[in-house]
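Residues per chain are reported as follows:
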Amino acid sequence: MENKDQLHPCMIVIFGASGDLTKRKLIPALFDLYTRKQMPEHFAVVGVSRTEFSDDDFRQKLFDFKPDNYSDSASWNAFAKHIHYHAADSTKIGDYAQMKQRFKALADEHQTGENALYYLSMAPQFFEPTINNISAAEMVTEGKRYCSLDRKQKPWQRIVVEKPFGSDPKSATHLNSVLANVFEETEIYRIDHYLGKELVQNLMVLRFANAIFEPIWNQSYIDHVQITASETVGVESRGAYYDGPTGGAMRDMVQSHLLQVLSVMAMEPPVSLKAEDIRTEKIKIFKAMRVPKYDDVPNIAVRGQYGDGQLAGKVIKAYRDTEGVDPESQCDTYAAMKMYVDTWRWGGVPFYLRSGKAMAKKITNIVLYFKPTPHILFRDMAKQRKANQIVINVQPDEGIRIRFEGKVPGHRLAVKDVELDFDYVKQWNAQPPDGYSTLLYDVMLGDQTLFKHRDEIECAWHAVQPVLDYWNDNPQFDLPNYAAGTWGPSAADILMAQSNRYWHNPK
Ligand SMILES: NC(=O)c1ccc[n+]([C@@H]2O[C@H](COP(=O)([O-])OP(=O)(O)OC[C@H]3O[C@@H](n4cnc5c(N)ncnc54)[C@H](OP(=O)(O)O)[C@@H]3O)[C@@H](O)[C@H]2O)c1
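As for the domain arrangement of the protein
So, step 1. Split by domain assignment, the protein resolves into domain 1 (4-162) and domain 2 (195-497).
So, step 2. For domain 1 versus domain 2, the distance between C-alpha centres works out to 33 Å.
So, step 3. Contacts between domain 1 and domain 2 engage 22 residues on the former and ten residues on the latter.
So, step 4. Together domain 1 and domain 2 conceal approximately 1400 Å² of surface at their shared face, both sides included; 74% is due to carbon and sulfur atoms.
So, step 5. Where domain 1 touches domain 2, the interface holds one salt bridge.

This is the structure we're talking about:
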């Protein structure tokens, strides 16, 4: 992280502040930065949503949600003085005159000047009217900086946009245009909390700070790559949202988070660590993602939905029996997809992506499977031999494991797979910070490295849209097709078995 002195005074305006994300992630992340002394000297946080709260009631509501996190009461009380609340409907332009007045008074009180970070923490249908109203109310002046000789001295306004960013290529492109009408691309932060995770950034260090991995990180040595994000919980209380137009594992997880992880894993070394240089390399990977042919979808993608099941003695009821879910829902609570990145480095290497709810284990990882040695000396033992693997655990148990063959002690020549293990927590004796604090810190610094460029979003939608279209046109009659608490539908195992491969399912 860079020097705190580079943080400018600013006001953080959270639209949708009475919601779940604010209390669960945003405020704890800002408090975490505050206690690490990584907030600007002058800052204010202003929550905006329609429900009426006084400043004190709002602070209490935030505190009550995570009292353990705020057990350092002196720090919390000092931090809470920076938090305010203003009741307004961000989709109504008539509410903005008072809102601006309040912001001005708070800016004076906290000496934050005109720098503002607008965070859209609300349902996606409110993004467009809110962005347009921010513009109509003249709450963005940053574009004027570009007429200035010394831009750095001018105030900035930045916007953070939560997921889901569109529900298909058309809606994502439209939202990008709405944003571009109001903000410069350099001030737009499309958030993906996966990119804030320590191990995703560590992946860049692993690849580009070491000489031993990069020479083998290509189609000459790698047989295939698996990227998994599995959860043990079902949809719980989010049935109505998940069963809607932006829900489902392919839209909610594969299109967004998993393709982002893939791009960091697969990109070429950037010329520098500057945001634009890293994003240039990531965009090349997005542009090289092979868009599947509609007719080929049954051969490369698998949709699943969980039925009744159990995990660790706990009963999980079927997705279709969840409140808010259509009893005949076709929604994919599991999605797997085989895809290719058509570049010199990755030609012919399949990337298998999968994500599911109510699965056997909670894990996000990347597994690189290596090709066999060119000449097999230990032919007698060939059956037992396993492919070399690099396993990168993004969460939980952050770490990197390398699996290779070793000799079993003794007079006989026996070979068995062994592991070299780097465990993040043991090594550094520290828990990785929450992704949101890393990302909020970067927005305040003006560092876009860990945020998505508009091209990445649009290419990602194009890469999955034929699958979504095919699934929409062809209802599947065997749903639910996996029991909660398992590793997903058998069709996903068949997808792998067709190429003599198998999923990496950790115990
Ligand atoms: N929750 C999570 O863990 C999570 C994770 C990743 C991404 N996200 C994304 O983050 C965003 C927020 O999620 P959330 O779970 O916090 O949603 P939420 O619980 O539905 O909260 C959004 C808030 O927006 C407010 N709101 C609605 N219409 C408004 C309007 N016209 N003007 C001002 N405020 C309005 C509502 O409060 P009032 O009724 O008081 O106005 C509501 O409390 C969504 O885009 C979501 O997809 C959430």
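On we go from here.
Quick notes on the site of the ligand
So, step 1. Not every one of the 21 residues close to the ligand is listed here, only the nearest: S18, D20, R24, T51 and D89.
So, step 2. A distance of 2.7 Å separates a nitrogen atom of the ligand from a polar atom in the side chain of D20.
So, step 3. When isolated, the ligand has an accessible area of 870 Å², and the protein chains bury 80% of it.
So, step 4. Ranked by residue count, the leading element in the shell around the ligand is helix α1 (residues 20-35), at three residues.

A look at the pairing of strand β8 (residues 301-304)
So, step 1. Alternating positions in β8 separate into two faces, A301 and R303 on one and V302 and G304 on the other, with burial throughout.
So, step 2. Judged from the four bridges that link them, β8 and strand β12 (residues 334-339) form a sheet pairing that is antiparallel. Bridge pairing links V302 to A336 in β12.

A short note on the pattern of salt bridges
So, step 1. What the rule picks out here adds up to 26 salt bridges.
So, step 2. Residue E458 is joined to R454 by a salt bridge in which the shortest nitrogen-to-oxygen separation is 3.5 Å. One end of the pair is E458 and the other is R454, both in helix α14 (residues 454-473) and four residues apart, which spans about a single turn.
So, step 3. With a relative accessible area of 15%, E458 lands in the buried category.
So, step 4. Here R454 falls in the partly exposed class, since its relative accessible area comes to 23%.
So, step 5. Three or more residues are tied together by salt bridges with common partners; here these are R207, E214, E268 and R345.

Re the packing of helix α9 (residues 249-266) against helix α10 (residues 275-288)
So, step 1. Running from N to C, α9 and α10 cross one another at 115 degrees; their axes reach a closest spacing of 9 Å. When the axis of α9 is compared with that of α10, the two are roughly perpendicular. Crossing angle aside, the handedness with which α9 passes α10 is right-handed. Across the interface between the two elements, L259, Q260, L262, S263, V264 and A266 of α9 pack against K282, I285 and F286 of α10.
So, step 2. Of the residues belonging to the contact of α9 with α10, the class tally is six nonpolar, two polar and one charged.

Structural notes on the side chain of S263
So, step 1. The residue S263 is located in helix α9 in this model.
So, step 2. Among the polar contacts listed, one links the side chain of S263 to the backbone oxygen of Q260, at a separation of 2.7 Å.
So, step 3. Apart from the residues within four sequence positions on either side, S263 is in contact with K282, I285 and F286.

A look at the packing of aromatic side chains
So, step 1. Scanning the entire structure with this criterion turns up 23 aromatic pairs.
So, step 2. Where Y189 meets F451, the ring centres are 4.9 Å apart and the plane angle is 85 degrees; that geometry is what we call edge-to-face. Remark: F451 occurs in the loop between α13 (435-445) and α14 and Y189 occurs in strand β6 (residues 188-190); sequence separation between them is 262 residues. The same class applies to Y189 as to F451, namely buried.
So, step 3. Following the ring pairs from residue to residue traces out a cluster consisting of F31, Y34, F43, F63, Y70, W76 and F79.
So, step 4. Just above the ring of W156 sits the side chain of R158; from NZ or CZ to the centre is 3.7 Å.
So, step 5. One Lys or Arg, K197, reaches over the ring of Y194 and ends 5.3 Å from the middle of that ring.

Definitions and cut-offs
Residues numbered from 1 in each chain as written. Predicted model: local features only at pLDDT ≥ 70, side-chain atom pairs only at ≥ 80, totals over all residues. Heavy atoms only, no water. Domains from an automatic or database assignment. Contact = heavy atoms within 4.5 Å. Buried area = accessible area lost by both parts, 1.4 Å probe. Salt bridge = Lys/Arg side-chain N within 4 Å of Asp/Glu carboxyl O. Near = heavy atom within 4 Å. Polar contact = N/O pair within 3.5 Å; in protein donor to acceptor, adjacent residues only side chain to side chain. Areas by Shrake-Rupley, 256 points an atom, 1.4 Å probe, with all protein chains shown as cover. Helix = DSSP H or I, 4+ residues; strand = E, 2+ residues; numbered from the N terminus. Buried < 20%, exposed > 50% of the residue type's maximum accessible area, 1.4 Å probe, protein only. Pairing = 2+ DSSP bridges. Axes fitted to C-alpha atoms, helices over the stretch in contact; angles between N-to-C directions. Parallel < 35°, antiparallel > 145°, perpendicular 65-115°, else oblique. Left-handed = near helix turned anticlockwise from the far one by under 90°. Nonpolar A, V, L, I, M, F, W, Y, C, P; charged D, E, K, R; others polar. Phe/Tyr/Trp six-rings, centres within 6.5 Å; stacked < 30°, edge-to-face > 60°. Lys NZ or Arg CZ within 6 Å of the ring centre and 35° of its normal.

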